[in-house]
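# Secondary and tertiary structure notes
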Amino acid sequence: AACRVMRVTCLATCALNQWALDFDGNLARVKASIWQAKAKGARYRVGPELELPGYGCEDHFLEVDTIEHSWECLAQLLAGDDTDDILCDVGMPVIHGGVRYNCRVFVLNREILLIRPKLCLANDGNYRETRWFTAWQHPKKVEKFKLPSLISDVTKQTHVPFGDAALEFMDGSLGSETCEELFTPNAPHIQLALSGVEVISNGSGSHHQLRKLNQRVELIQSATAKGGGVYLYANQRGCDGGRLYYDGCACIAVNGEIVAQGEQFAVQEVEVVTAVVDLDTVVGFRGAFQSMSVQAAASEKQPMIEVPFSLCVTNPLGAAVSKPMPVRYHTPEEEIAMGPACWLWDYLRRSGASGYLLPLSGGADSSSTAALVGSMCQLATKAAAAGDACAIADIKRIAQLDDNASVPAAKELAARVLTTVYLGSENSSNETRGRSKTLADEVGSSHLDVKIDAVVAAIIAFFVTITRRAPKFKVDGGSDVENLALQNIQARVRMVLSFVLAQLMPWVNGRNGFFLVLGSANVDEGLRGYMTKYDCSSADINPIGGISKGDLRAFLRWGAKHLGYPSLASVEEAPPTAELEPIREDYVQTDEEDMGMTYDELGVYGRLRKIARLGPVEMFKRLLHEWKDRGTPAEIAAKVKRFFFFYSANRHKMTTLTPSYHAENYSPEDNRFDLRPFLYNVRWPWQFRKIDELAEKAMKER
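Cut-off values and rules
- Once a new chain begins, its residue numbering starts again from 1 and follows that chain's sequence as written.
- A pLDDT threshold of at least 70 governs which residues receive local features in this predicted model, and a stricter bar of 80 or more applies before side-chain atom pairs are shown or counted, although totals over entire chains, interfaces and linings include all residues.
- The basis for the side-chain values is all heavy atoms of the structure; hydrogens and waters are excluded.
- What counts as a ring pair is set by centres within 6.5 Å for rings of Phe, Tyr and Trp (its six-membered ring), and what kind of pair is set by the plane angle: stacked under 30 degrees, edge-to-face over 60, tilted for all other angles.
- We count a stretch as a helix when DSSP gives it H or I for four or more residues in a row; a strand needs E for two or more, and each element gets its number in order from the N terminus.
- Burial classification: accessible surface area is computed with a 1.4 Å probe over protein chains only, and a residue below 20% of its type maximum counts as buried, one above 50% as exposed, and the rest as partly exposed.
- Here, a salt bridge means any Lys or Arg side-chain nitrogen found within 4 Å of an Asp or Glu carboxyl oxygen.
- Only the stretch in contact is used when fitting a helix axis, every axis being a line fitted to C-alpha atoms; angles between N-to-C directions are given from 0 to 180 degrees.
- Should an angle fall under 35 degrees it is taken as roughly parallel, and over 145 as roughly antiparallel, whereas 65 to 115 is taken as roughly perpendicular and any remaining angle as oblique.
- Note on convention: the crossing is left-handed when the near helix lies turned anticlockwise from the far helix by less than a right angle, right-handed when the turn is clockwise.
- Only heavy atoms matter for contacts: two residues are in contact if any of them lie within 4.5 Å across the pair.
- For this classification, the nonpolar set comprises Ala, Val, Leu, Ile, Met, Phe, Trp, Tyr, Cys and Pro, the charged set comprises Asp, Glu, Lys and Arg, and every other residue, Gly included, is treated as polar.
- What is meant by a nonpolar core is a set of buried Ala, Val, Leu, Ile, Met, Phe, Trp, Tyr and Cys residues, joined one to another through side-chain atoms within 4.5 Å.
- Two strands pair if DSSP finds at least two bridges between them.
- Within this analysis, patches are made of residues with over 30% relative accessible area and no salt bridge. Like charges are joined at 9 Å or less; nonpolar side chains (Val, Leu, Ile, Met, Phe, Trp, Tyr) at 5 Å or less.
- To measure how exposed things are, a 1.4 Å probe is used in the Shrake-Rupley method; for residues, cover is taken only from the protein chains shown.
- Here the positive residues are Lys and Arg and the negative ones are Asp and Glu; neither His nor the chain ends is included.
- Note on charges: their place is set at NZ of Lys, CZ of Arg, CG of Asp or CD of Glu.
- The span expected for a helix works out to 1.5 Å for each residue beyond the first.
- Taking the helix axis as origin, the arc is that swept by the directions to the C-beta atoms.

What follows concerns the packing of aromatic side chains. Enumeration according to the criterion identifies 25 aromatic pairs in this entry. Taking the centre distance of 5.9 Å and the plane angle of 70 degrees together, the rings of Y55 and Y246 count as edge-to-face. In this pair, Y55 sits in the loop between β2 (44–46) and α2 (64–79) while Y246 sits in strand β12 (residues 246–247), placing the two residues 191 residues apart along the sequence. The same class applies to Y55 as to Y246, namely buried.

This part covers the pattern of salt bridges. Evaluated as defined, the whole model comprises 40 salt bridges. The partner of E51 in a salt bridge is R45, with the nearest N and O atoms 2.6 Å apart. There is no split in this pair, since E51 and R45 are both buried. Linking R211 and D551 is a salt bridge whose minimum nitrogen-to-oxygen distance equals 2.7 Å. Placement of the pair is R211 in the loop between β10 (199–203) and α7 (213–225) and D551 in helix α18 (residues 549–562), with a sequence separation of 340 residues.

Two quantities define a packed helix pair, namely the angle between the helix axes and the distance between the axes. Where helix α23 (residues 633–649) contacts helix α24 (residues 685–701), the two axes come as close as 8 Å, and the packing angle between them is 165 degrees. The pairing of α23 with α24 is recorded here as roughly antiparallel in orientation. Seen along the crossing, α23 lies across α24 with a hand that is right-handed. Only F688, I691, D692, A695, A698 and M699 of α24 make contact with α23, whose side of the interface consists of P633, A634, A637, V640, K641, F644 and F645. Tallied by class, residues from the contact of α23 with α24 come to 11 nonpolar, no polar and two charged.

Quick look at the nonpolar core now. Ranked by internal contacts, the top residues of the largest apolar core, which has 56 residues, are L344, W345, L348, Y356, M376 and F555. Taken together, the elements giving at least two residues each to this core come down to α10 (332–351), β17 (355–359), α11 (364–385), α12 (389–398), α13 (410–417), α14 (430–443), α18 and α19 (568–573). A total of 10 residues in this core trace back to one element, the largest contributor, which is α11. Residues I67, I112, L119 and V270 belong to the second largest nonpolar core, which totals 40 residues.

Moving on, we get to the sheet that holds strand β19 (residues 446–451). On the basis of which strands lie adjacent, the open sheet formed by four strands has the order β19-β18-β17-β20 and parallel pairing. The outermost strands of the open sheet, each flanked by one partner alone, are β19 and β20 (515–517). Between one strand and the next, the sheet's axes are offset by a mean angle of 25 degrees, whatever the strand orientation. Pairing geometry for strand β18 (residues 418–424) and β19, over six bridges, is parallel. Bridge assignment links T420 to a residue of β19, and that residue is H447. Those strands touched by α10 are β17 and β20, and its axis lies near 125 degrees from that of β17. Its contacts with the sheet place α14 against β18 and β19, and it is angled at close to 175 degrees to β18.

Next up on the list: a negative patch on the surface. Together, E63, D65, E68 and E72 make up a negatively charged patch on the protein surface. Looking at the secondary structure, you find E72 in helix α2. The exposure class assigned to E72 is partly exposed, which follows from its relative accessible area of 34%.

To continue, consider the environment of R528. Assignment of secondary structure puts R528 in helix α17 (residues 523–528). The class of R528 is buried, set by a relative accessible area of 5%. C-alpha separation for the pair R528 and Q215, spaced 313 residues apart in sequence, amounts to 29 Å. Beyond its immediate sequence surroundings of up to four residues, R528 is in contact with D594, M595, M597, L602, F646, Y647 and N650.

It is worth spelling out the pairing of strand β11 (residues 230–238) at this point. Among the nine residues that make up β11, nine are buried, leaving the element largely enclosed by the rest of the structure. Note: strand β1 (residues 8–16) against β11, two bridges, orientation parallel. Bridge assignment links L16 to a residue of β11, and that residue is Q236. Examined bridge by bridge, β10 and β11 share five bridges and lie parallel to one another. Paired with V199 across the two strands is V230, which belongs to β11.

Between its first and last C-alpha atoms α23 spans 24 Å; for 17 residues at 1.5 Å apiece the expected length is 24 Å, and the two agree. Taken residue by residue, α23 has P633, I636, A637, V640, F643, F644, Y647 and S648 as its buried positions. On an axial view of α23, the arc spanned by its buried residues comes to 130 degrees, and they lie on one face. Where the residues of α23 are buried, they touch α17, α21 (599–611), α22 (616–626) and α24.

Another point: the environment of L194. Along the chain, the position of L194 falls in helix α6 (residues 188–194). Separated by 325 residues in the primary sequence, L194 and G519 have C-alpha atoms spaced 51 Å apart. When neighbours within four sequence positions are excluded, L194 is seen to be in contact with M292, Q295, A296, S299 and K301.

Before going further, it helps to spend a moment on unusual backbone geometry. Here the phi dihedral of L50 falls at roughly 50 degrees; this positive angle occurs in a residue that is not glycine. Looking at where L50 falls in the secondary structure, it is placed in the loop between β2 and α2. Owing to a relative accessible area of 0%, L50 belongs among the buried residues under this scheme. Non-glycine residue Q400 carries a positive phi angle of around 60 degrees. Looking at the element boundaries, Q400 is found in the loop between α12 and α13.

On to the side chain of T419, then. The topology assignment puts T419 in strand β18. When sequence neighbours within four positions are dropped, the list of residues in contact with T419 reads Y356, L357, L358, S446, L448 and F515.

Moving on: the packing of α22 against α24. Packing of α22 against α24 leaves a shortest axis separation of 8 Å and a crossing angle of 25 degrees. Comparing their axes, α24 and α22 come out roughly parallel. Crossing of α22 against α24: the hand is right-handed. Taken together, the residues of α24 that come into contact with α22 (itself represented by P616, V617, F620, K621 and L624) are Q687, F688, K690, I691, L694, A695 and A698. Residues belonging to the contact of α22 with α24 are distributed by class as follows: nine nonpolar, one polar and two charged.

Here you go:
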């Protein structure tokens, strides 16, 4: 008798840099990934969630056009030889029975095998899927779906299965779940494993957040560590039109161990990750787990769609099975260096702008932003040097170079796409001016040193003309109102001048286009409202708006060594200051003194407010224990009340916050992540009274 043949297959997952509503580009990247998977010998390819229209379409999903164009893309995919001899798992929206679903469409040899709707929708944090889609309400049930005529004309099919099912091939089985479903307690992969399905895929749209990747990878590993199986994870990678950066890291796990892993951050538009796996190891793993066998025997089995196709390769003995590998994680400093840099590159190349303009004060925040643009140039030129045709074309187009010109080095690219400007005043110091110039030279930006005093004086003179009153700084005998107003004039003048320069500097330099203005307010300043409304925090985009001051300072120390910008070390060592008040022998303005709280304290308040979901009273209770060695109950009560006063008094500033890279779970971003009122009773009478009562009681018990 003939020996039983090993069941070895090559499987592919991918990370694609899709763009909302860019149907031409999205389809081209899907096709490219399929052909790359074929070239690597893959029998199956899974792509990201909603990859045809792009995950970030948001309310465009409510438009019939978006559904129609997705079908048109799928029709093109089915009309050619793209799906010949490879199972392709494509993400797109589908309307079935008058209801809009987020679906996976399985296609093979120019036919549709199954449409699988998402069972659990993401509806927290940055996600609003239930606004656009409905979760499939019939687990383990399959219905008939009538195909639109443009698909039927291509496939000659009229109806296909629609529902919660898996595929059974001649030599293996495959099922799927989508993004959020991996994170749910009763995840579909559990039922798929109990039904004996060997390969489980996940087409995802998951965004970057500092220190989050390990959570995702651990869930992927645990999905098959308990129940066995092969798990493929696909993801978008890039900025697809909003504040989020989808961070790729396509990977493949077998029986709880990672055997293939893609890059988390890259400017490369298409990355295909493959692994050669032995399906019999899944059977062996599960068979040795008797408790699972008992549960599998008792479980209701997943509906299976039979497919006359071999999932496994024809020459298993010639295929080297992929071995387990250690998972690659970046440090938070590396994440900051690469995530926002890639986001900036996507935004620049897709916006039509010819560069960025950055007000560079020589402080920690604007210096971090300058370093990120420098990192962007390093990543883009590195990809171009490695032969990435898309990166080469984008660099030449944005930098306005001739087609036959060589690709510039990172500093040369920075000189063309980044203009930095030191907007100094009589209140500025020589130290910040020097740090600004030194960093600009290290990054390679085109740098301007500008004095704004004449513009500020003109505005004050105008005010004096119409009121006959001359405001003074507090150090010169003025009131708090005068002091703040004079600071705000300088801050707002800098914003106006930044946009003037961004619009006209390309023209001055004989180039086409416009620059985008970069903002540099960090997440803690946004939370506290420590910024002038419509000052330099008001920009086109802000790459650090979701990053804490503590993380930025660590990034500056890291960047001084690893990015080649040594002056970042001296920037980090300097005390943060706005330099909006006159410097005197007995007074130098500092941020933390201005705010009445430290940046470290702000980070604590932010995490307790948003992540732990604590209001004023519960936050005080928590800190009464956590900070018991840092002050009396009365002092802790005063700190909590001070934070909530300034947070609520300045919440209105969040309504105009510059679109920022999302990196922190305690971001106060008002547009879609942190939904709160912006008109508060800043006295918080009920809450603060309760805090005072608790503080008084705690003081008596000391």
